Structures are given as structure tokens and as C-alpha cells.
Amino acid sequence: MTLLLDTSLWIDFTRARSPAPLKQFIAPFVLDPEAHLAEPVRFEMLRSARPDEAQQLTAQFATLPTLSTPADLWQRAIDLGQACRQIGQTVLSLDLLVAAVALHHNALLVSFDADFETIASVSELRLQRLKRPA
């Protein structure tokens, strides 16, 4: 089963100040042979990274296969956003893009982010929403 790891996992996994138990909780997902990256996640992680962080992330991301970006990504994200608005919810644009990639590839999206629950409620998004360990 293809796993798409959301930005929320990568932030907690790579942040220096993240507690060791949290990193240990995330590690099996990052090391899973079915783990994949999506370009919107790569963008979100690298857009504001310091040069040393960007170098480390780029090396780490190079070990993962990247799910191709569907040609209709923008329209799929628009449709998802509109469906969320119809139930009174506004979801971040990048989350809509990540969800569109996951849907296109029928990937299981793994995330700490509650916005994906909203998207899953209006689509066929397969989601494994994680809770951070206490």
C-alpha cells in the first residue's frame, strides 16, 4: 500500500527540538518501504528551510520515491476546496494539493493534520490521522 507522508510528519521528524519519543513514533513511517513524497510536501518543507536544513532534507527526500503530480492537480484541489466549503469548512491550499496527489494515486495519506479529516469527509481520501504521543 502506497503511503504519502504529509508535511506534519516531516516537520516533527526533522525539527531539532522535537522530543525523541515523537521522532521514534514517526520513524517507522519514514522508513516504511511504501513511504512516498509528493511535490507539494517537498515544496512546503524546502520553501523556508535554511541552507543547512535544505541540504539535509534534499538528501533525505532523495531516498524516497515521489508520486507524480497529476495533470489535473489544480482542478482537483479546487473541487476539494469547494466541497469542503459546502460543508462550512475552509482548508489550507497546500493541504488540498497534497490530498489531490494522494487521491490520484489512491495513496494512504499519513498526517497529524486535522484538515485532512475534513477533506476525507467530502472525498474518497484514505487517511491515517496520527495523534502525537504524550
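Because the structure is a prediction, the values reported are computed rather than measured.

Draft legend 1. Representation of the pattern of salt bridges within the structure. Within the structure shown, the criterion is met by 6 salt bridges. Three or more residues joined by partner-sharing salt bridges are found here, namely Asp 12, Arg 15 and Arg 132.

Draft legend 2. Geometry of the environment of Leu 46. Among the structural elements, Leu 46 can be located in helix 3 (residues 39–46). In this structure the C-alpha to C-alpha distance between Leu 46 and Thr 58, which are 12 residues apart in sequence, comes to 8.1 Å. Look past the residues within four positions of Leu 46 in its chain and what remains in contact with it is Ala 54, Leu 57, Thr 58 and Phe 61.

Draft legend 3. Inspection of unusual backbone geometry at higher detail. In this structure, Asn 106 takes a positive phi of about 50° despite not being glycine. For Asn 106, the position within the fold is in the loop between helix 6 (93–105) and strand 4 (108–111).

Draft legend 4. Here's a closer look at helix 5 (residues 73–86). Taking 1.5 Å per residue as the helical rise, helix 5 with its 14 residues ought to reach 20 Å, and the 20 Å between its terminal C-alpha atoms agrees with that figure. Turning to helix 5, its buried residues are Leu 73, Ala 77, Leu 80, Gly 81, Ala 83 and Cys 84. Take helix 5 and look down its axis: the buried residues cluster within an arc of 160°, on one side only. Along helix 5, the residues that are exposed and aim more than 90 degrees away from the buried face are Trp 74, Arg 85 and Gln 86. Positive phi shows up at Gly 88, right after helix 5, with a value of about 80°.

Draft legend 5. Up close: the sheet that holds strand 2 (residues 35–38). With respect to topology, 5 strands assemble into an open sheet ordered 3-2-1-4-5, the strand pairing being parallel. Only two strands of the sheet have a single neighbouring strand rather than two, namely strand 3 (66–67) and strand 5 (126–129). Across 3 bridges, the pairing between strand 1 (residues 3–5) and strand 4 is parallel. Within strand 4, the position partnered with Leu 3 by the bridge is Leu 108. Lying over the sheet, helix 3 contacts strand 1, strand 2 and strand 3, oriented at roughly 70° with respect to strand 2. Against the sheet, helix 6 engages strand 1, strand 2, strand 3 and strand 4, with an angle of about 170° to strand 1.

How each quantity is defined
- Residues numbered from 1 in each chain as written.
- Predicted model: local features only at pLDDT ≥ 70, side-chain atom pairs only at ≥ 80, totals over all residues.
- Heavy atoms only, no water.
- Salt bridge = Lys/Arg side-chain N within 4 Å of Asp/Glu carboxyl O.
- Helix = DSSP H or I, 4+ residues; strand = E, 2+ residues; numbered from the N terminus.
- Contact = heavy atoms within 4.5 Å.
- Expected span 1.5 Å × (residues − 1).
- Buried < 20%, exposed > 50% of the residue type's maximum accessible area, 1.4 Å probe, protein only.
- Arc of directions from axis to C-beta.
- Pairing = 2+ DSSP bridges.
- Axes fitted to C-alpha atoms, helices over the stretch in contact; angles between N-to-C directions.

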